[in-house]
Amino acid sequence: MSAESGSVRNRFEEALADRDVALTRTTPAAFEATLQAVVTEPVVGTPLPFGDVSLPEWVDDEPTPATLEAATTGVTAASFGIADYGSVVLPSTPEGSEPVSLFPELHVPVLHERDLVADMPTAIERLGPELRDGGSAIVATGPSATADMGALVEGAHGPNAVHVVFLETDGDGE
Amino acid sequence: MSGGTRERKADHIRYLLETEGDAVEANTLGFNEGRYESVADLENYEALKSEARAIKEDAIERLPELIDELTETVEANGGTVYLADDAADANRYIREIADENDAERLVKSKSMTSEELEVNEALKADGVDVVETDLGEWVLQVADEAPSHLVAPAIHKSEDEIARLFNEQFEPDEPLETAEELTTFARDRLGALIVDADIGMTGANFITADSGSLMLVTSEGNARKTAVVPDTHVAVAGVEKIVPSVEDLAPFIELIGRSGTGQDITSYVSLLTPPVDSPVVDFDESDVALADRDDDRDFHLVLIDNGRMAMREDDHLRETLYCIRCSACANTCGNFQSVGGHAFGGETYTGGIATGWEAGVHGQESAAEFNDLCTGCSRCVEACPVEIDIPWINTVVRDRINREGDDGRFEFVYDELVPDEEDTGSIDPQKRLFGNYETLAKLGSATAPVSNWLADLGPVRSVLERTVGIDRRRSLPAFERETLVDWFESRGPRVSAADAEREAVLYPDTYTNYIDVDRGKAAVRVLEAMDVHVRVPAVGESGRAPLSQGMIATADTKASRVYAGLAEHLDAGRDVVVIEPSDLAMFHSEYEKFLPEASFERLREGSYEILEYVYGCLENGANGARLRTGDDGPDVAYHSHCQQRTMGVDRYTRAVFETLDYDVLESDVECCGMAGSFGYKQEYYELSMDVGDRLAEQFTEPEAQDRLVVASGTSCEDQLEDVLERDAVHPVEVLDPRSRLR
């Protein structure tokens, strides 16, 4: 990993810390154990497209409206992260990543370290072709929030907490 | 405006100050402070604003072609586009969609454009249950009130009021108290309504022509649910929301949250390309896996013209279409901070830019309701992420309103006092009086002190209040018999041109020339102490006074006269030095609209604010010890002028005070609230005092209360004297070597 990408990672972690959004680093080998420590049951999720990890068996990866409503945690893959803002970009998928990341109280986005970009223009450049291809995505930064009831409250229509699981690969020097 | 109308207006403002003022103030000040902090984190803030501006200019220029491109893209994606001429047309189409879907309930996320259409009422008439899901909008729906802010619609309501409202309306088992409880209650109740809805309606902050994507900027997550849970999505958006490509969104994403509520980014920036790939969340089939669904989603994009294409053809209203509705202009506005959008707004839109929107989509009458609340202080100009000259839009609309009225009853008494260039006699007499202030000042000075005695008499004040609405609680400025120009002519310069380091022309603005002659004399002495050869030619009023009343033709004429009076001096290489920031702002900004480009540039480059000039002299070797320094001078409580700050020249006053070792405490309010003639007007007196109170509070703090009150603007000085009952002076009077001020 170059010095520059190292600093991008630091910026991402600092941006999350500024918002009090939790981040846990893990590796493919430790992924299941890490996830177990982060989530609160019941857990729903959508398949992870990373190759080196997949959702553990105890995650309901074929949620229905009923299990979605009953779930406390939703686990979905982030397409990429934006270091400057501590944002994760969540793709809309036919498997339902959008509702899974939105309905449960806790959202756990899984972000692969290779998918971190520095800033907003780079992120939008990356999204351009995807949107022109009919795709949709949410740039999500921290939990849902509102100030409409007279004071700032975290947890409005969406999750009240976000916990990023940051997946490091063993071959750090790629 | 008649006396009765003025009183009714004053009553309405007083009512809002009492009922909504505190909540509005707390929230807007918070947003505004947040904006300053969060834009300071952006290294390339100014460049991003220029980029955003350029994207909007280009998009509006190419709008017809972008509408065609977007239509093709959305249709290729599997959606439908309907271009509605006006609100009725849009509502008819939306009702048809509801009808075809046998819709019983439509859930909405926040959309000002849908407020403009009044689509809720149209759908309700057909028996559709319309539910606002943005918590602020829902509060208003429950309370049956209108939004008071573009972004935070229920900004005028406190936690307590919302709790009272919910407890009365819904009678929960346990009375609700905290924001947290209220949010949970609303979330649960609305959540159930959303999953049971037939149609979801959203607005759009931006739409990309190349991909057919909607960008929605939200924090609650309700827009995400609204767009994705039901199988039918209707998006309503003004045509001006279209930008060419996805890549154009980047600067707006970085600017919109910071500019509006002071958040560097909101929780969710949705980039949806409908019909979306996400499965419908259908609780009628609650055991069918989302992944197994094969939905046939329906998407309708309703693009709204409703006056926008005509605004595009209007050289003065066109800029309004660049607006991204971030609310920065409202949050930074002194008057808005006090009364909010229920006074500072029209049928739909609120805040500074609302004048452009209301004039464009609802017509001038709607803009006329609140347009005078813009004092032209210009603080919104630097706050606007797309660099819109919002005060200019307000001035143009005011000028147009002036021209269409027929309120010319006082014309015959008035002609001597109001020799303006306006081509109809229909302007409100109050506006004509203030617009022709120079004539009044000349007359007042020529007849002083009698004019001052007369002006102070009770019966005279009563007539002034009844006829032209000058509030009798305001002290009127006293005219000097000897003007600054006359004084200087008989005194002559004390530094000859031959001995001088530089030559300067001190511009005798109306206030300095006829009323506060002392600050003009102080300016002359300060300049001479730095070996500047000074001239004070008889150059007339800059046009600021008529412009502030929307009398553009008169201002234009005055600009030409001022330039004619200064051109020879500029050609001779003399520097034009200006005491009054609002006049310098004319030279540096509005004159661009009145003078040929070369003349405007020459005057702009050759004119300086007085403390800016002092700073330049000191930097170039002038001896500061010849001025009064902080060693024997007073400790200072300083309020810079709003337009001075927008021009970015306030820093020189700060720097000079610092160089000369003054102990300075500075205010951080946007505007003093006086704003030229605004605070004298009977209908706005109380609002003006309320805005002034924010400044007064800062200057009555223990660390400020014994300091000399110093302000760079005329009206700021008057306002500070009224709200503090302490004398206020211009910085140059502090530096005057002869000064004895403590």
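Everything numeric in this text was worked out from a predicted model, so none of it was measured.

Helices and strands together make up the secondary structure of chain A, namely five helices and 11 strands. Taken along the three principal axes of its C-alpha coordinates, chain A extends 45 × 40 × 35 Å. Expressed as a percentage of its 174 residues, the buried residues of chain A come to 60%. Taking the contacts inside chain A whose residues are at least 6 apart along the sequence as the reference set, 73% of them involve residues at least 24 apart. Accessible surface computed for chain A: about 6500 Å², of which carbon and sulfur atoms make up 47%.

Of the residues lining the interface, 52 residues belong to chain A; the matching set on chain B comes to 60 residues. Of the roughly 4800 Å² buried where chain A meets chain B, counting both sides, 61% is carbon and sulfur surface. The interface formed by chain A and chain B holds four salt bridges in total. In this structure, B:D264 and A:R19 form a salt bridge, with 2.9 Å as the shortest nitrogen-oxygen distance. Our enumeration of links across chain A and chain B arrives at 27 residue pairs in polar contact (both at pLDDT 80 or more). Mapped by element, the contributors of at least two residues to the side of chain A that touches chain B are α3 (65-70), β5 (87-91), α4 (97-102), α5 (120-132), β8 (137-140) and β9 (145-146) of chain A. Per-element accounting of the side of chain A that touches chain B gives the leading share, eight residues, to α5(A). Grouping the constituent residues of the side of chain A that touches chain B by class yields 26 nonpolar, 18 polar and eight charged. Bridge analysis of β8(A) against strand β9 (residues 268-272) of chain B gives four bridges, and the strand direction is antiparallel. Note on β9(B): the bridge partner recorded for A:I138 is B:S270.

A separate point is helix α36 (residues 714-724) of chain B. Residue and element names in this part refer to chain B. With nine of 11 residues buried, α36 lies mostly within the body of the structure. Within the sequence span of α36, burial applies to T714, S715, C716, E717, D718, Q719, L720, V723 and L724. Immediately beyond the C-terminal end of α36, within one or two residues, lies E725, with a positive phi of roughly 55°.

Attention now goes to the pairing of strand β17 (residues 708-711) of chain B. Residue and element names in this part refer to chain B. The alternating pattern of β17 places L708 and V710 and V709 and A711 on opposite faces, both of which are buried. Judged from the four bridges that link them, strand β15 (residues 636-639) and β17 form a sheet pairing that is parallel. For H639, the partnering residue across the bridge sits in β17 and is A711. The pairing of β17 with strand β18 (residues 728-729) spans two bridges and is classified as parallel. Along β18, the bridge assignment pairs V709 with A728. Note on the crossover from β17 through α36 to β18: the handedness is right-handed.

It is worth spelling out helix α22 (residues 437-446) of chain B at this point. Residue and element names in this part refer to chain B. Turning to α22, its buried residues number three or more, namely Y437, E438, A441, G444 and S445. Along the axis of α22, the buried positions cluster into a sector of 125°, meaning they face one direction only. Looking at the buried positions of α22, the neighbouring elements they touch are α21 (429-435), α23 (450-456), α26 (510-514), α28 (544-548) and α29 (552-571).

A few words now on the packing of helix α30 (residues 581-594) of chain B against helix α31 (residues 597-606) of chain B. All names here are of chain B. As a packed pair, α30 and α31 sit with axes 9 Å apart at the nearest point and diverge in direction by 175°. Comparing the axis directions of α30 and α31 gives the class roughly antiparallel. Facing F587, H588, S589, Y591 and E592 of α30, the residues of α31 in contact are F600, L603 and R604.

Residue and element names in this part refer to chain B. Mapping E541 onto the fold places it in the loop between β12 (532-535) and α28. No salt bridge is formed by the buried E541, whose closest oppositely charged neighbour, K558, lies at an N-O distance of 4.2 Å. Apart from residues no more than four positions distant in its own chain, E541 is found in contact with E438, Y507, T510, P546, K558 and V562.

Residue placement: A:R9 occurs in helix α1 (residues 3-18). Looking at A:R9, its side chain comes within polar contact range of the side chain of A:E113, at 3.2 Å.

Let's shift gears to the packing of helix α3 (residues 45-61) of chain B against helix α12 (residues 249-260) of chain B. Residues and elements named next belong to chain B. The N-to-C vectors of α3 and α12 enclose an angle of 120°; their axes lie 9 Å apart at closest approach. Judged by the angle between their axes, α3 and α12 are oblique. By crossing handedness, the relation of α3 to α12 is classed as left-handed. Across from Y45, L48, K49, E51, A52, I55 and K56 in α3, the residues of α12 making contact are P251, F252, E254 and L255. Looking at side-chain class alone, the contact of α3 with α12 contains seven nonpolar, no polar and four charged residues.

Now for the packing of aromatic side chains. Residue and element names in this part refer to chain B. Tallied over the entire structure, the rule returns 21 aromatic pairs over all chains. Here F206 and F252 contribute two aromatic rings whose centre-to-centre distance is 4.6 Å and whose plane-to-plane angle is 35°, an arrangement assigned as tilted. One end of the pair, F206, is in strand β5 (residues 206-208); the other, F252, is in helix α12, with 46 residues separating them in the sequence. As far as burial versus exposure is concerned, F206 and F252 are alike and both buried. Here Y638 and F657 contribute two aromatic rings whose centre-to-centre distance is 6.0 Å and whose plane-to-plane angle is 70°, an arrangement assigned as edge-to-face.

So, about the sheet that holds strand β11 (residues 502-507) of chain B. Residue and element names in this part refer to chain B. Spatially, the four strands line up as an open sheet ordered β12-β11-β13-β14, and their pairing is parallel. Two strands lie at the open edges of the sheet, namely β12 and β14 (607-609), each paired on one side alone. Across the sheet, the mean angle separating the axes of adjacent strands is 35° when strand polarity is ignored. The pairing of β11 with β12 spans four bridges and is parallel. Each residue of the ladder has a partner; that of R502, found in β12, is V532. Each of β11, β12 and β13 (575-578) is contacted by α29, which is oriented at about 170° to β11, the strand it contacts most. Docked against the sheet, helix α32 (residues 610-619) engages β11, β12, β13 and β14, running at close to 100° with respect to β14.

With that settled, consider the nonpolar core. In terms of nonpolar packing, the biggest core is built from 95 residues, with A:I82, B:L271, B:L301, B:L303, B:L373 and B:I388 touching the most fellow members. The residues contacting B:L373, other than those within four sequence positions of it, are B:I13, B:N335, B:A343, B:F344, B:F678, B:Y684 and B:L687. Counting 39 residues, the second-largest nonpolar core is a separate cluster that includes B:F488, B:A522, B:L611 and B:V732.

Rules used in this analysis
Residue numbers restart at each chain and count upward from 1, following the sequence in its written direction. Chains carry letters and ligands carry numbers; both start at the beginning, A for chains and 1 for ligands, and go up in the order they are written. Where totals are concerned, whole chains, interfaces and linings use all residues; where local detail is concerned, this predicted model gives features only for residues with pLDDT of at least 70, and gives and counts side-chain atom pairs only at 80 or more. Heavy atoms throughout the structure, all of them, feed into the side-chain values; hydrogens and water do not. Segments assigned H or I by DSSP are reported as helices when at least four residues long, segments assigned E as strands when at least two residues long, and all are numbered from the N terminus. When accessible area is computed with a 1.4 Å probe and restricted to protein chains, residues below 20% of their type maximum are described as buried, those above 50% as exposed, and intermediate ones as partly exposed. In what follows, a contact means two residues having at least one pair of non-hydrogen atoms within 4.5 Å. Accessible surface is estimated by sampling points in the Shrake-Rupley manner with a 1.4 Å probe; for residues, cover comes only from the protein chains shown. In this description, buried area is defined as the sum, over both parts, of the accessible area (probe of 1.4 Å) that is lost when the two are combined. For this document, the term salt bridge refers to a Lys or Arg side-chain nitrogen within 4 Å of an Asp or Glu carboxyl oxygen. Counted as a polar contact is a pair of N or O atoms within 3.5 Å, where, for protein atoms, one must be capable of donating a hydrogen and the other of accepting one, and residues adjacent in sequence contribute only when both atoms are in side chains. Lys, Arg, Asp and Glu make up the charged group, whereas Ala, Val, Leu, Ile, Met, Phe, Trp, Tyr, Cys and Pro make up the nonpolar group; the residues left over, Gly among them, are polar. When DSSP finds at least two bridges between two strands, those strands are taken to pair. Convention used here: a crossover is right-handed provided that the path from the first strand, over the helix, to the second strand proceeds clockwise when the strands point away from the viewer. By definition, the arc is the one covered by directions from the helix axis to the C-beta atoms. Note on geometry: axes are lines fitted to C-alpha atoms, helical ones only across the stretch in contact, with angles between N-to-C directions running from 0 to 180 degrees. Geometric relationships in this document are graded by angle, where less than 35 degrees denotes roughly parallel, more than 145 denotes roughly antiparallel, 65 to 115 denotes roughly perpendicular, and other angles denote oblique. We count Lys and Arg on the positive side and Asp and Glu on the negative side, and we leave His and both chain ends out. By definition, turning the near helix anticlockwise from the far helix through less than a right angle yields a left-handed crossing, and turning it clockwise yields a right-handed one. Note on aromatic pairs: the rings of Phe, Tyr and Trp (six-membered ring only in Trp) are paired at centre separations within 6.5 Å, and the planes decide the class, stacked below 30 degrees, edge-to-face beyond 60, tilted for the rest. Note on terminology: a nonpolar core comprises buried Ala, Val, Leu, Ile, Met, Phe, Trp, Tyr and Cys residues joined through side-chain atoms within 4.5 Å.

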